[in-house]
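Working through the structure, step by step
Residue strings, one per chain:
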Amino acid sequence: MRGAARNRARRGVRLIAAGAVLTLVLGACGNSGDDDTDAAPSEGTTGGGGGDLDENVPIDEVGVTDSEIRVTVVASVTNPLGGRYKEFADGVQAYFDMVNADGGIYGRELTIAKVRDDQLANNQAEIQAAIAEDDAFAVFVAALLFTGANDLATERVPTFGWNINPEWIGPDNFFPNSGALCFGCPGKILPWLAKELGKTKIGIVGYGTSAQSKLCAEGNRESFELYADETGAEVVFYDDTVSFGVTDLSAQVAQMKEAGVDFVTTCMDQNAVLTLAEEMDKQGIDVVQHMPQGYDASYVSENAEVLEGNYIVPQFTAFEHEPQPETMQQFLEWIDKTGAEPVELAMQGWIAARQFHEGLKLAGPEFDREKVIAALNGVTDFTADGMIVPIDWTRQHEDPAENPDARGALSCANFVQVSGGEMVSVFAEDGKPWVCFDARSEEWEEPTFYSFVDYSADGGSGEGE
Amino acid sequence: MEELVSAVIRGFPQGCVYALVAVGFVLTYKTSGVFNLAFGAQAFVSAALYWRLHTDPEGWQWPIVPAAFVSVVIAAPLLGFVLDRALYRHLRTASPVAKLVTSLGLLVALPEIAKIVLDMPPQAYGTEGIVPDGRVVYRFGDYALNRDDIVTIVVVILAVAVLSALFRFTALGLRMRAVVESPRMTELAGVNADRVGSISWMLSSFFAGVAGVLLAPLFPYLGADQYFQLVVTAVAAAVLAGLSSLPVALVGGLALSVVSQVMVTYPPQDSFVRQVLGPALPFVVLFGVLVFMPSLQRRREATDPLAGVDPPPPALAADERSRALTIGTYVFGAVVGLGFFWWVLTVANSYWLARFTEAVIYAVIFCSITVITGMTGQVSLCQPAFAAIGAFTTAQLVTRYDMSVLAAMVIGALLAALTGGLLSIPALRLGGIFLALATLAFALFFERVLVKEEWVGGGASLMDVPRPTIGPWDFGDDRAFFVLCTVVLVVVGTLVIFVRGGTTGRYLDALRGSEVAAAAIGINPARLRITAFALSAAIAGVGGGLIAMFSERFGQANYDARFSVFFGLVWTVIVVSIGSRTVEGAIQAGAAFILFPLVILQRFLPWLLNLVLPWHVESLPTGLTFILFGLGAITYAKHPEGSVEFGKRRSLNAVQRWIDRLGRGSVDTPPDTVEPAVSLPTGSER
Amino acid sequence: MSLLVAEGVTKKFAGITALDSVSLDVGEHELVGLIGPNGAGKTTFFNCLLGLLRPDAGTVTFAGSDLTRVPVHRRARLGIGRTFQRIELFVGMTPREHFVVAARARAGRGGLVADLLGRGRVTREEHDRAQEMLELLGLGPVADKKVEGLSLGIGRLVEVGRALMTEPRLLLLDEPSSGLDRAETAVLAETLRSVQRERGTAILLVEHDVDLVRSLVGRVFVLDFGVLIASGRTEDVFADAAVRRAYLGDLV
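Keep in mind it's a predicted model, so treat the numbers as computed, not measured. (Residues numbered from 1 in each chain as written. Chains lettered and ligands numbered in written order. Predicted model: local features only at pLDDT ≥ 70, side-chain atom pairs only at ≥ 80, totals over all residues.)

A word on the overall build of chain B
How we decide: Here a helix means four or more residues in a row that DSSP labels H or I, a strand means two or more in a row labelled E, and each is numbered from the N terminus. To get the radius of gyration, use the C-alpha atoms; to get the globule rule, take the number of residues to the power 0.38 and multiply by 2.2 Å. We call a residue exposed when 12 or fewer other C-beta atoms sit within 10 Å of its C-beta, buried when the count reaches 20 or more, and partly exposed for counts in between; the C-beta positions come from the backbone. Contacts are defined on C-beta atoms placed from the backbone: any two residues whose C-beta positions lie within 7 Å are in contact.
The helix and strand tally for chain B stands at 27 helices and six strands. Expected size for 686 residues packed as a compact globule is a radius of gyration near 26 Å; at 26 Å, chain B falls within 12% of this value. In terms of its C-alpha atoms, chain B occupies a principal-axis envelope of roughly 80 × 65 × 65 Å. Burial statistics for chain B: of 686 residues in total, 60% are counted as buried. In chain B, of all internal contacts separated by at least 6 residues, the share reaching a separation of at least 24 is 79%.

Below, the structure written as structure tokens:
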């Protein structure tokens, strides 16, 4: 009676590891896409089908036969924390199904050789198994603890996946769904959001058990301080010592109440976010919460009342945004055919698969691992057909905190707001959901709105205002 | 002042949550003499069952009342009854450490059993608890409580009142305590100790069930880990109550919560109190209470005056094997070992090479448990923290100071030894479970406070750790590194054997046998224990250093994946169930820890099952690893040498008898055993 | 000159005086008894001698040096051996192993470093000495059996042997006959006599078995309610009227 039906979406993904913690904070950090100088425009959109894409040349490479190109998915499917990672594989599968229905690529089908469950602690072992035993051309990763990163880097396996781990930073054969994360880089998005909402008393809460969470909280504080004059907002409550797994935030909320906080942003997982929201409800303070986590319709509907009015930051163009990009419609169609749920992690899988496909297309019929890696590393504007902030792989492998050049040109976010148990897309202008800033300049500015559907590094996108 | 008052009031609901768990702890300890670390696991079982019956949106959707009735009133006491019948009844006169190990085994095994039996999904979300509309908030002026809070408060106060009355005024309560003090004496007084024991377990398990379903709404998803986290926090309150006073446990829980409220409210953000003491509060309190509360230390002296009436614990299966058989087994072991070594070096692919390398490294780490548990008879739950100290030191020294990685590893081991030695000094006077708790407190402190520090865990970035080179040899190659790890294992194993057969080992044997007698012949127990602790920590540190080299990049994620607190329990359980007395046991435990799930559960057993079953079995649940080793560990009291070791000796003895029979051509009686005229009171294993 | 001198040892528990200025001495090679009815303070006094309890007043000197602040295990190194009333053996070890470990403790050498260098094994000499002791006590047949399976009488001998392995100048025996039957007691007495004769070990026997004391010791101290009521040559003491009245009346 269980099985597939189990995978029904209930709540979003949790980014927490047992006991000790890793807390990842994506939306809140200034992670960004880049657009830069001259670059080869990428191939067209999905669906393959171009003349040479059908050409089947015999290739001697791991995971490639005359009829298929095999990949392995490594995900933290079961973990003691309740995260839902199997959907990531569903998303990859849905994309592959779509490509295969259209004849595959280079006369070959894309197949998932194996979905490996790293059970949180065994990521390294599973990745080593994927390398040694699966005969897989590429590896897709959505893991809480990406301890096998080094093996993938040294084996030079093209690696795709969900960018929530610091391990993605560095190796040039890693192509996660966003450019290298910057933990603790200040940005303009949060101050802008507060200003837009007319909020001036800011509260920031982070975990003390995680270095990443602490960095994130510091970055957020710095962001507000940097633009205090322009936004009139000040940080009146700051706590980066919350214990992981805490079930009581009443002291923090009481102090926020005292300080008159009207806008709070956290660097915690959505469990603690919920605890915080409940406590604020309980103590009866009216605060808008900015949530880097929790982009999940059923999580929101289940906790409709406590989350009402909060802003959630999806890492891709929100499902709720209208008009939907064409690829979103394809996603919904194929994820349905796969028998899976259209949830955040499924979309992450879809985007990862899309990028892999892009690499194959660029590498040409005589592709191999190195050619795919080299081809993707020449891409300066990958947007997964408008789903994500453009990535420039000529520079975005490196840690932006250490190397400012590795920053993208744009720092963007798109928002949904909880309203009556549902999420609605907000702030979009002219159908352009992405609120973007120049990531390289510290100067305060008004945002530019983007839709990345027709974006190219040459500047062909529809600029907003 | 007003702020203080409001901090106290705000701390109340959370305090009651701690108190509920602490009271459950004290209740179990009072009525069974077991420091039941598996309390959280028991609570989880009821909560999971309740979730299945009621909350699960695709489950049976029973109404609250029947679901609560089945999961709390029926299932929980039933579990207690089964635990008593199957386990604790036979452990009544066992040492506290043996009981603790049993509860560790349950802690590891029970949730996995529940997950398999109840077919729990990997994620069990549900905020709806046993209280209808538990989130509904009631306001009292500035303060607010929701229904869940109110019910928790009422239940815990009621429980303290009712249970206190039970112990004070009823014959049953008196009997329960008497059975714990001395089951034999109680029987002399005409009380059926077994029946009282069963009732005790049913009662405390019922209480665990109540806590389980009541606290479920605190967690956004249901997991055994959540309860474990809560339990380790609440332990401080239980220990504060001397493990005996229910009202003090209540007050302790409240105090813990109120003090953390105050700590979050007053000191500035960057202060030591806020950054370090606050998050570590429960563990600092636990450690402090253990070290400074004299009544706890006295308690350990109390043993059943009639314990000697029971037959002495079964001796380790005697070594009555002939020289030939002994040599035979050695040769067999050597052949198997060398066979694997050869296979790994020549045939195995990179995956299996890595797994065997890991197994070898874990064998090194587990040698540290051989020293601490096998030789001193103590349980340490912070071995992963020592390993982490080794690993982080290695990584830090290499990245920051460009030090040779082997030298860094040695320094890491020394640092771990120093930490172990310093830790053992205040904990010296503690024996058995209190020492185990002190180590648990340290492990939690390390995890919650130290790991995130940049000078420990490297912050959010990763540290590159190279493989070593020694003179002309470069161990950068994976196979060469495997050889290096094997060499380290051989060296460490040999050293442990030397120590066990040498002065330290003999003294420790003596100390375990009788501390007073050991002191009476001139052995310094304090120095000996510090030595053992430091040695054990050093070995774990060496293993940790090897893990850092094996990983090549090391950071917080690696800590979480390998050295988190829960692993401390798992390691102890695995080593104890396989054999903590011998280096051989540590090696087998290392192999089992890494290879058992991969080889047996994922490959061998499915293959075997697929031969007979009509449907296809892909893999067996990996939870079985925890279940099997957990169940292996609960026999610790009976087979302190390890149940696997016990089985091995028994079968070797059977082989020996078979050889004897072949040799003599006649059925031989088993070798004589001296029937003790008066058996010696053996005292407790300390 | 006296080997062990206790002077004015006083110990109070919660206001009750358990020992009131008790003085006692044991000479080299001497066999001395300390007797008294149950609750007389014998064990308390014994524990004060051994450092398990610290006296409130009074001093204990051994071979001329003050023992008052010396920790338990150091006293053993100085040459005081003891046995226990409630037997305390090293569970899990054989009599031979008991003796070997005691021999090692006596020598006081070795330690972790020596162990790590592989120099911690049982030496020939330790082995021989253990063998000697096994023979002296007639424990040969049970030398390699774990003590858990041995009878109480043998256990007591193992305790005595273990104490003797540390080559004490003084052996303190705490009610060695308790729990033993007549035959076992006789064996014990014979053993003690020969030990004292052959090794010259001074022995302080704390005992309630009057017969055993009478047959063994040359000098005896009598304790009653924490007060020393008599001391002197065994015959004299047992002839003393006060002793008879207070303690021995019914027995003698």
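Focus on the overall build of chain C
If you tally the helices and strands in chain C, you get ten helices and ten strands. Here the C-alpha atoms of chain C give a radius of gyration of 19 Å, agreeing with the 18 Å that 2.2 N^0.38 yields for 252 residues. With the principal axes as the frame, chain C shows a C-alpha extent of 60 × 40 × 35 Å. Buried positions account for 49% of the 252 residues belonging to chain C. Across chain C, every contact between residues at least 6 apart in sequence was considered, and the portion connecting residues at least 24 apart equals 67%.

Thoughts on the nonpolar core
Residue and element names in this part refer to chain B. Cut-off, in case you're wondering: Note on terminology: a nonpolar core is a set of buried residues of type Ala, Val, Leu, Ile, Met, Phe, Trp, Tyr or Cys, with members joined through C-beta atoms within 7 Å. The domain boundaries here were taken from an automatic or database domain assignment.
With 473 residues, the main nonpolar core has Ala22, Val23 and Val364 as its most contacted residues. When residues in this core are grouped by element, the largest group, 17 residues, is from helix α14 (residues 350-375). When residues of this core are assigned to domains, at least three map to each of domain 1 (2-295) and domain 2 (339-572). Not counting the four nearest positions on each side in its chain, valine 364 is found in contact with Val488, Leu489, Val492, Ile539, Val542, Gly543 and Leu546.

Here we look at the environment of C:Gly155
The topology assignment puts C:Gly155 in helix α6 (residues 152-165). Sequence spacing of C:Gly155 and C:Val100 is 55 residues, and the spatial spacing of their C-alpha atoms is 16 Å.

Topic: the pairing of strand β2 (residues 143-146) of chain B
All names here are of chain B. Quick note on the threshold: One requirement defines pairing of two strands: DSSP has to find at least two bridges between them.
Summarising the sheet, strand β1 (residues 137-140) and β2 pair through four bridges and their orientation is antiparallel. Within β2, the residue paired with tyrosine 138 across the bridge is leucine 145. Linkage of β1 to β2, two consecutive antiparallel strands, is achieved through a turn of two residues, within which glycine 141 is found at a positive phi near 60°.

Remarks on the interface of chain B and chain C
The interface is formed by 34 residues belonging to chain B together with 40 residues belonging to chain C. Broken down by element, the residue count for the side of chain B that touches chain C peaks at seven residues, all from helix α20 (residues 503-513) of chain B.

Focus on the packing of helix α1 (residues 86-101) of chain A against helix α11 (residues 326-337) of chain A
All names here are of chain A. The test is simple: All axes here are fitted lines through C-alpha atoms, helices being fitted over the stretch that makes contact, and every angle between N-to-C directions spans 0 to 180 degrees. Each angle gets one of four labels, with under 35 degrees taken as roughly parallel, over 145 as roughly antiparallel, 65 to 115 as roughly perpendicular, and the rest as oblique. In this classification, the charged set is Asp, Glu, Lys and Arg, the nonpolar set is Ala, Val, Leu, Ile, Met, Phe, Trp, Tyr, Cys and Pro, and all remaining amino acids, among them Gly, are polar.
Between α1 and α11, whose axes approach to 8 Å, the crossing angle comes to 105°. As judged from the angle between their axes, α1 and α11 are roughly perpendicular. Across the interface between the two elements, Asp90, Gly91, Ala94, Tyr95, Asp97 and Met98 from α1 touch Gln330, Phe331, Trp334, Ile335 and Lys337 from α11. Across the contact of α1 with α11, the residue classes tally to six nonpolar, two polar and three charged.

Observations concerning the domain arrangement of chain B
Residue and element names in this part refer to chain B. Domain assignment breaks chain B into domain 1 (2-295) and domain 2 (339-572). Computed over C-alpha atoms, the centres of domain 1 and domain 2 are 33 Å apart. Contacts between domain 1 and domain 2 engage 20 residues on the former and 21 residues on the latter. If you tally residues by element for the side of domain 1 that touches domain 2, the top one is helix α11 (residues 272-292), at eight residues.

Notes on the sheet that holds strand β8 (residues 234-242) of chain A
All names here are of chain A. Strand order in the open sheet formed by seven strands is β8-β7-β9-β10-β11-β13-β14, and the pairing between neighbours is mixed. Of all strands in the sheet, those with a lone pairing partner are β8 and β14 (422-426), marking the two edges. Each of β7 (201-207), β8 and β9 (263-267) is contacted by helix α5 (residues 211-226), which is oriented at about 165° to β7, the strand it contacts most.

Here's the deal with the confidence of the model for chain C
What counts, and what does not: By definition, pLDDT measures how confident the predictor is in each residue, and it falls between 0 and 100.
Of all residues in chain C, 95% attain a pLDDT of 70 or more, and the chain-wide mean is 85. For this predicted complex, the interface score ipTM comes out at 0.90, while the overall pTM is 0.89.

Things to note about the packing of helix α1 (residues 2-32) of chain B against helix α6 (residues 171-181) of chain B
Residues and elements named next belong to chain B. One can describe the packing of α1 onto α6 by two numbers: an axis separation of 6 Å at closest approach and a directional angle of 70°. Viewed along their axes, α1 and α6 adopt a mutual orientation that is roughly perpendicular. Between α1, through Lys30, Thr31 and Ser32, and α6, the contact on the second element is made entirely by Met176, Arg177 and Val180. Per-class residue counts for the contact of α1 with α6 are two nonpolar, two polar and two charged.

What to know about unusual backbone geometry
Between A:Glu322 and A:Pro323 the backbone carries a cis peptide bond, its omega angle lying at -5°. Its identity is not glycine, yet A:Arg156 carries a phi of approximately 55°, on the positive side. Take A:Arg156: it is sitting in the loop between α3 (149-155) and β5 (159-161). One non-glycine residue, B:Asp119, lies in positive phi territory at about 50°. Within the secondary structure layout, B:Asp119 lies in the loop between α4 (96-117) and β1.

A few points about the arrangement of the chains
No other pair among the two pairs of chains in contact exceeds the contact count of chains A and B. Structurally, chain A and chain C remain out of contact, their C-alpha atoms never closer than 34 Å.

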